[in-house]
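These are the residues of each chain, in order.
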Amino acid sequence: MKIPTTSDDFQNEFYSSIDLMDKIGDLRIRQLVNILDKVNDEIIIGGIIKIFKNTKRPNTEYVDQKYAGKILNSIKPKTEIDLILILKDTIKNWNKSVEELPFWLKENYGITLLKNKLAEFENQSLNDIESEKLIIMKWWLKI
């Protein structure tokens, strides 16, 4: 396993870890988490956003997102990326059972900013899927 230096590296290491779960369980994911303290938060977040927006792994989508969420929960990476951009990138494909994403958003941005940005995002032209997922995200957050 190499230390990721780009968000693509992170995504590749992450998927390699997920794809080996049938053989070695979550060992490789735990090893990845252990080296992430050497990785810039923006690289981690960029990779995780790519995982949440990826539609090319439908058979492992939930597992991918659940473990990406666990990484968010354990590492707690910080970012100043515009929250609206993160929502645009992730909400359409976000699995609404993965509560770690909305809780990380709350922890990173704070509840006041998150409420304001969710309201702003809600006023954009959202499709039915995005609107439904926004409702679920607000439910998770008790907003």
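That block above? That's the structure.
Below is a summary of the structure that appears in this document. (Residues numbered from 1 in each chain as written. Predicted model: local features only at pLDDT ≥ 70, side-chain atom pairs only at ≥ 80, totals over all residues. Heavy atoms only, no water.)

## Notes on the environment of Ile75
Item 1. Following the sequence through the fold, Ile75 ends up in helix H5 (residues 61-75).
Item 2. Judged by relative accessible area, Ile75 falls into the partly exposed class, the value being 24%.
Item 3. Between the C-alpha atom of Ile75 and that of Leu36, which follows or precedes it by 39 residues, the distance is 7.7 Å. (Helix = DSSP H or I, 4+ residues; strand = E, 2+ residues; numbered from the N terminus. Buried < 20%, exposed > 50% of the residue type's maximum accessible area, 1.4 Å probe, protein only.)

## Quick word on the packing of aromatic side chains
Item 1. Evaluated as defined, the whole model comprises five aromatic pairs.
Item 2. Each ring, one from Phe14 and one from Tyr15, has its centre 5.8 Å from the other, and the planes form 65°; the classification is edge-to-face. A single burial state applies to Phe14 and to Tyr15, both of which are buried.
Item 3. Feature note: the residues Phe10, Phe14 and Tyr15 constitute an aromatic cluster, connected by ring pairs.
Item 4. One cation-aromatic arrangement involves Lys70 over Tyr67; the distance from NZ or CZ to the ring centre is 4.9 Å.
Item 5. For the cation-ring pair, Lys142 lies above Trp139, with the distance from its terminal atom to the ring centre recorded as 5.2 Å. (Phe/Tyr/Trp six-rings, centres within 6.5 Å; stacked < 30°, edge-to-face > 60°. Lys NZ or Arg CZ within 6 Å of the ring centre and 35° of its normal.)

## Quick look at the pattern of salt bridges
Item 1. Evaluated as defined, the whole model comprises 13 salt bridges.
Item 2. Among the salt bridges present, the one from Glu100 reaches Lys66, with a minimum N-O distance of 3.0 Å. Pair noted here: Glu100 is in helix H7 (residues 100-109) and Lys66 is in helix H5, with a separation of 34 residues, a long-range link.
Item 3. Taking the relative accessible area as the measure of exposure, Lys66 reaches 16% and is therefore buried.
Item 4. Here Lys117 ties to Asp82 by a salt bridge, and the two come within 3.9 Å at their closest N and O atoms. Here Lys117, found in helix H8 (residues 111-122), pairs with Asp82, found in the loop between H5 and helix H6 (83-90); they are 35 residues apart in sequence, far enough to count as distant.
Item 5. For Asp82, a relative accessible area of 37% gives the class partly exposed.
Item 6. When salt bridges that share partners are traced, they join Asp19, Arg57 and Asp64 into one network. (Salt bridge = Lys/Arg side-chain N within 4 Å of Asp/Glu carboxyl O.)

## Details of the packing of H8 against helix H9 (residues 128-141)
Item 1. The N-to-C vectors of H8 and H9 enclose an angle of 165°; their axes lie 11 Å apart at closest approach. With respect to H9, the axis of H8 lies roughly antiparallel. H8 and H9 meet at a crossing whose hand is left-handed. Residues Leu114, Leu118, Phe121 and Glu122 of H8 touch H9, and the partners they reach there are Leu134, Met137, Lys138 and Leu141.
Item 2. Class assignment of the residues belonging to the contact of H8 with H9 gives a composition of six nonpolar, no polar and two charged. (Axes fitted to C-alpha atoms, helices over the stretch in contact; angles between N-to-C directions. Parallel < 35°, antiparallel > 145°, perpendicular 65-115°, else oblique. Left-handed = near helix turned anticlockwise from the far one by under 90°. Contact = heavy atoms within 4.5 Å. Nonpolar A, V, L, I, M, F, W, Y, C, P; charged D, E, K, R; others polar.)

Don't take any of this as a statement about function, it's just geometry.
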